[in-house]
Amino acid sequence: MHILHLSDTHSKHRLLQNLQCADVIIHSGDVSFAGSEDEIIDFVEWFGALPYKYKIFIAGNHDDCLFGANIDGLPENCFYLCNSGVTIENVKFYGVPMFMEDAMSGKYDKNIQKIPTDTNVLITHQPPYCILDSSANINYGDRNLLQIALKIQPEYHLFGHIHDAYGIEKNDNTLFSNTAILNEHYEISNKPILLEI
């Protein structure tokens, strides 16, 4: 199974051209810039029409209008994961969004603790601490998320959020991918990353 990962398109998704072929395309949050309903609708229409067998996306901290929302009318092969998972061809995907309301209430940490231990592909918006999370010499990743990722050891941990920390990093068991498409100036500067599981 081939997976095409991207993140942090901030409503510039329609500018992306010549996306690589894959079985599954995954967007790990910040599909919008201002978090408006119109931006989300436009993204869902674009994403749902892409020629991939399966499509998965989660919300990022810019996607405010998705907080507490149910998305109706998605194509059968398109999945919005919000502290939830889906199994596709025996591969278990699990997605954790990043909403500031959850971060401030402490619910975000509780949601992280609920990530299933048998997850094959973990999708979050925020990076784990000290892994592709640095901007201006500050680490913006989450320490609890790092501990959970090291504990459950998914084959892939896909995220974004920190625009100038694009890249991949691998430890003994997990490949980490920060595929923020836009740079810190919100310009398209990076390409989606193709993975195989």
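See the structure above.
Residues numbered from 1 in each chain as written. Predicted model: local features only at pLDDT ≥ 70, side-chain atom pairs only at ≥ 80, totals over all residues. Heavy atoms only, no water.

Re the overall build of the protein chain
Test applied: Starting at the N terminus, helices and strands are each numbered in turn, a helix being any DSSP run of H or I of at least four residues and a strand any DSSP run of E of at least two. Values of the radius of gyration come from C-alpha atoms, whereas the globule rule sets the reference at 2.2 Å times the count of residues to the power 0.38. The rule is simple: take the accessible area with a 1.4 Å probe, protein chains only, and divide by the maximum for that residue type; under 20% is buried, over 50% is exposed, in between is partly exposed. Contact between two residues is taken to exist if any of their heavy atoms lie within 4.5 Å; hydrogens are not considered. The method behind every accessible area is Shrake-Rupley, applied with a 1.4 Å probe, and residues are considered shielded solely by the protein chains displayed. In summary, the charge assignment counts Lys and Arg as positive and Asp and Glu as negative, without counting His or the chain termini. To locate a charge, the coordinates of NZ of Lys, CZ of Arg, CG of Asp or CD of Glu are taken.
Helices and strands together make up the secondary structure of the protein chain, namely 4 helices and 13 strands. Taken against the 2.2 N^0.38 rule, which gives 16 Å for 197 residues, the C-alpha radius of gyration of the protein chain at 15 Å falls within 12% of a compact globule. With the C-alpha coordinates of the protein chain rotated into their principal frame, the extents come out at 35 × 35 × 30 Å. Going through the 197 residues of the protein chain one by one, you find that 53% of them count as buried. By sequence separation, contacts in the protein chain at least 24 residues apart represent 58% of the contacts at least 6 residues apart. With an accessible surface of roughly 9,100 Å², the protein chain has 48% of that area assigned to carbon and sulfur atoms. Averaging the positions of the 12 positive and the 26 negative side-chain charges in the protein chain gives two centres separated by 6 Å.

Regarding the pattern of salt bridges
Applicable threshold: Salt bridges are identified by distance alone: a Lys or Arg side-chain nitrogen within 4 Å of an Asp or Glu carboxyl oxygen.
Scanning the entire structure with this criterion turns up 3 salt bridges. As a salt-bridge pair, K53 and E89 come within 3.1 Å of each other at their nearest N and O atoms. With K53 in the loop between helix 1 (37–49) and strand 3 (54–57) and E89 in the loop between strand 5 (84–88) and strand 6 (91–96), the pair connects residues that are 36 residues apart, well separated along the chain. Judged by relative accessible area, which is 49%, K53 ranks as partly exposed.

Overview of helix 1
Given 3.6 residues per helical turn, the α-helix brings residues three or four places apart onto the same face. Worth spelling out the cut-off: To estimate how far a helix should extend, the number of its residues minus one is multiplied by 1.5 Å.
With 13 residues, helix 1 ought to run about 18 Å at 1.5 Å a step, and its terminal C-alpha atoms sit 18 Å apart, in line with that. Considering only its buried residues, helix 1 is in contact with strand 2 (24–27), strand 3 and strand 4 (78–80).

Topic: the nonpolar core
Rule in force here: Buried residues of nine kinds, namely Ala, Val, Leu, Ile, Met, Phe, Trp, Tyr and Cys, make up a nonpolar core once their side-chain atoms join them within 4.5 Å.
With 21 residues, the main nonpolar core has I25, F43, F47 and F57 as its most contacted residues. Contributions of two or more residues to this core are made by strand 1 (2–6), helix 1 and strand 4. Here the element with the most residues in this core is helix 1; it accounts for 5 residues. Not counting chain neighbours up to four residues away, the residues in contact with F47 comprise I25, H27, K55, I56, F57 and C78. The next biggest cluster of nonpolar side chains, apart from the first, holds 19 residues, and it includes M1, V24, I88 and V121.

Focus on the sheet that holds strand 4
Condition: Note: two strands are recorded as paired if DSSP finds a minimum of 2 bridges between them. Axes here refer to lines fitted to C-alpha atoms; in helices the fit is confined to the stretch in contact. Angles between the N-to-C directions go from 0 to 180 degrees.
An order of 4-3-2-1-13 is seen for the 5 strands of this open sheet, with the pairing classed as mixed. One side of each edge strand has no neighbouring strand; the edge strands of this open sheet are strand 4 and strand 13 (193–196). Across the sheet, the axes of successive neighbouring strands diverge by a mean angle of 20 degrees, strand direction being ignored. Pairing geometry for strand 2 and strand 3, over 4 bridges, is parallel. Looking at strand 3, one finds that V24 is bridged to Y54. Against the sheet, helix 1 makes contact with strand 2, strand 3 and strand 4, and its axis sits at roughly 150 degrees relative to strand 3, the strand it touches most.

Observations regarding the packing of aromatic side chains
Heads up, the condition is: Ring geometry is summarised as follows: Phe, Tyr and Trp rings, the Trp one being its six-membered ring, pair when their centres sit within 6.5 Å, and such pairs are stacked at plane angles under 30 degrees, edge-to-face over 60 and tilted between the two. Consider the ring centre and the ring normal. A charge sits over the ring if Lys NZ or Arg CZ is within 6 Å of that centre and within 35 degrees of that normal.
One pass over the full model with this rule turns up 8 aromatic pairs. Seen in terms of ring centroids, F43 and W46 are 5.8 Å apart; in terms of plane orientation they differ by 45 degrees. Their pairing is tilted. Of this pair, F43 and W46 both sit in helix 1, 3 residues apart, which is roughly one turn of that helix. The pair formed by F43 and W46 is uniform in burial state, with each residue classed as buried. Pairwise contacts between aromatic rings join F43, W46, F47, F57 and Y80 into one cluster. It is R143 that lies over the ring of Y129; its NZ or CZ is 3.9 Å from the centre.

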